[in-house]
Amino acid sequence: MHIFSGSSNQDLANKIAKMGEFGQGIVESTQFENGERRVRVGDGGKHQGESKAVVVQSFSQPVDEHLMEFCLLTDALSRDGYTNLVGVVPWLGYSKQDKVFLPGESLAAKVVAQIIQTTKIKKLITFDLHNRAITGFFDIPVVELSAKPIFLEYFRNKIGNQEVGDSDQSREWVVVAPDEGAVKSSAYFARELNVPIAYMDKRRDLKTGKVEVVGMTGDVVGKSVIIVDDMIVTGSTMMETAKYLKGKGASSVSVAATHHLYVDGVQGKLEASEIDEIVVSDTVSVDRNQDSVISQCKLKILSVAGMIVDELS
């Protein structure tokens, strides 16, 4: 089995190949003068006796370009003789558009699912979808992994591996569910860490996207807060939440989010905010030209490569 990487997350593909001791296929991805993408694999021939190949590609910025590159890469592999193709799309772009929120909108997540299925992949592996119902848009098997286990391990180490829920040390921490949609996952996180949970009540304007905090249930005074979410886009909601919690007496605020989309300027705003720590996975690759992002002191990046290797093995 060989790993073939698109251009969006080559660091993660390299880690998967190294950890799993898989071969790495050659991918030539170029662009014509008119903007069209051109993809070619290998040295013109399939690896001897192999039928299975894995395509690693996050649909991060530029989203449409990476989606098209994925489709062309899978087609090239199919034409090269691979009959068992697995797509590893750690960040499934368009997954936030999982509903028709306003009349006249498209159901973008379903459209992307249909596009993916025009390729010859037999199975899709992804991480922490915005809505698990998205798996129902696919007719092929979809394996939704989660970065929560590596976040749990990270925070267990910070808390001190306390196993008794009413210990002095564990009482200093609290998981806060930032909105109604995060209650279930936040409650699971709190149980696994043996710490209490608090709940925030928010309202979002569907037209403007503005979020307003209208109340909170639970105590955060003097406590270290953990907020678990699936993604960071603009970070505005997280920053407002952290400001609100600090105003209610929280001593620190840590955010754990599977997907950091690295929208231009966002990490700088997060660094200047009331958030004390941002823990993310490598489902989306940091642009190596953005040294200012890589060197930020609040940002901690954990790898999901081992989880992918386990699923592929």
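Residues numbered from 1 in each chain as written. Predicted model: local features only at pLDDT ≥ 70, side-chain atom pairs only at ≥ 80, totals over all residues. Heavy atoms only, no water.

*Asks:* So what about the overall build of the protein chain? Which residues, and what values?
*Replies:* Per the secondary structure count, the protein chain includes 9 helices and 15 strands. Put simply, the protein chain has 313 residues, and 47% of those count as buried. Contacts in the protein chain between residues far apart in sequence, at least 24 positions, make up 62% of those at least 6 positions apart. For the protein chain, the accessible area works out to roughly 15200 Å², and carbon and sulfur atoms hold 47% of it. (Helix = DSSP H or I, 4+ residues; strand = E, 2+ residues; numbered from the N terminus. Buried < 20%, exposed > 50% of the residue type's maximum accessible area, 1.4 Å probe, protein only. Contact = heavy atoms within 4.5 Å. Areas by Shrake-Rupley, 256 points an atom, 1.4 Å probe, with all protein chains shown as cover.)

*Asks:* Explain the nonpolar core to me, and be specific about the residues and the numbers.
*Replies:* Ile3, Ile16, Phe155, Phe189 and Leu312 are the most contacted members of the largest nonpolar core, which has 37 residues in total. Ignoring any residue separated from it by four or fewer positions in sequence, one finds Ile16 in contact with Ile3, Phe22, Val56, Ala305, Ile308, Val309 and Leu312. One finds Leu245, Tyr262, Ile278 and Val284 within the second-largest nonpolar core, a separate group that totals 28 residues. (Core = buried A, V, L, I, M, F, W, Y, C linked by side-chain atoms within 4.5 Å.)

*Asks:* Before we move on, can you summarise the pairing of strand β5 (residues 52-56) with the specific residues and values?
*Replies:* Side-chain direction in a regular strand flips from residue to residue, so the side chains alternate between the two faces of the sheet. The buried count for β5 comes to 4 of 5 residues, which makes it a mostly enclosed element. Taken together, the 4 bridges between strand β1 (residues 2-5) and β5 define a ladder with parallel strand orientation. Paired with His2 across the two strands is Ala53, which belongs to β5. Alignment of β5 against strand β6 (residues 84-88), held across 5 bridges, turns out to be parallel. Its bridge partner being in β6, Val56 is matched across the sheet by Val88. The parallel pair β5 and β6, bridged by helix α2 (residues 63-79), forms a crossover whose chirality is right-handed. (Pairing = 2+ DSSP bridges. Right-handed = clockwise from strand over helix to strand, strands pointing away.)

*Asks:* Please give an account of unusual backbone geometry that cites residues and values.
*Replies:* With an omega dihedral of -10°, the bond running from Gln61 to Pro62 counts as a cis peptide bond. Not every positive phi belongs to a glycine, and Asp128 is a case in point at roughly 35°. Within the secondary structure layout, Asp128 lies in the loop between β7 (121-127) and β8 (142-145).

*Asks:* Please set out the confidence of the model for the protein chain residue by residue, giving values where relevant.
*Replies:* Looking at the protein chain, the pLDDT average stands at 89 and 89% of residues meet or exceed 70. Ranking the helices and strands of the protein chain by mean pLDDT puts β8 first, with 98, and helix α8 (residues 291-294) last, with 54. Taken as a whole, residues 162-170 scores under 50 in pLDDT and shows 16 contacts with residues more than four places along the chain or in a different chain. (pLDDT = per-residue confidence, 0-100.)

*Asks:* Please set out the packing of helix α1 (residues 10-20) against helix α9 (residues 305-312) residue by residue, giving values where relevant.
*Replies:* Following both chains from N to C, one finds α1 and α9 inclined at 55°, their axes separated by 9 Å at the closest point. By the angle between their directions, the pair α1 and α9 is classed as oblique. The handedness of the crossing between α1 and α9 comes out as right-handed. Residues Leu12, Lys15, Ile16, Met19 and Gly20 of α1 form the contact with α9, whose participating residues are Ala305, Gly306, Ile308, Val309 and Leu312. In terms of residue class, the contact of α1 with α9 is made up of 7 nonpolar, 2 polar and 1 charged. (Axes fitted to C-alpha atoms, helices over the stretch in contact; angles between N-to-C directions. Parallel < 35°, antiparallel > 145°, perpendicular 65-115°, else oblique. Left-handed = near helix turned anticlockwise from the far one by under 90°. Nonpolar A, V, L, I, M, F, W, Y, C, P; charged D, E, K, R; others polar.)

*Asks:* Describe the packing of aromatic side chains, and please don't skip the residues or the numbers.
*Replies:* Overall, the coordinates contain 5 aromatic pairs when judged by the stated rule. Consider the rings of Phe4 and Tyr82, whose centres lie 5.7 Å apart with planes at 75°: the pair is edge-to-face. You can see Phe4 sitting in strand β1 and its partner Tyr82 sitting in the loop between α2 and β6, a full 78 residues away along the chain. Tyr82 carries the same exposure label as Phe4, and that label is buried. On the numbers, 5.2 Å between centres and 85° between planes, the contact of Tyr154 with Phe155 is edge-to-face. Here the two residues Tyr154 and Phe155 agree in accessibility, since each one is buried. Linked through ring pairs, Tyr154, Phe155, Trp173 and Phe189 together constitute an aromatic cluster. (Phe/Tyr/Trp six-rings, centres within 6.5 Å; stacked < 30°, edge-to-face > 60°.)

*Asks:* So what's going on with the sheet that holds β8? Residues and values would help.
*Replies:* Hydrogen bonds along the backbone pair up the strands of a sheet, which may run parallel or antiparallel. Reading across from one edge, β2-β1-β5-β6-β7-β8 is the order of the 6 strands in this open sheet, with parallel pairing throughout. Bordering the open sheet on either side are β2 (23-24) and β8, each of which pairs with just one other strand. Of the pairings in the sheet, the one linking β6 to β7 comprises 4 bridges and is parallel in character. Each bridged residue has a counterpart across the sheet, and for Leu85 the counterpart in β7 is Ile121. The sheet contacts of α1 involve β1, β2 and β5, and relative to β1 the element is tilted by about 175°. Here α2 sits on the sheet in contact with β1, β5, β6 and β7, set at roughly 165° to β5.

*Asks:* Go over the environment of Val255 with me, naming the residues and quoting the values.
*Replies:* Checked against the element boundaries, Val255 lands in strand β13 (residues 252-260). Residue classification places Val255 among the buried positions, given a relative accessible area of 1%. Those residues in contact with Val255 that sit more than four places away from it in its chain are Ile227, Met238, Ile275, Glu277, Ile278 and Val279.

*Asks:* Just give me the short version of the side chain of Thr283, but keep the residues and values in it.
*Replies:* Of note, Thr283 is situated in the loop between β14 (277-281) and α8. Apart from the residues within four sequence positions on either side, Thr283 is in contact with Asn9, Ser58, Pro90, Trp91, Phe127, Thr258, His259 and Val304.

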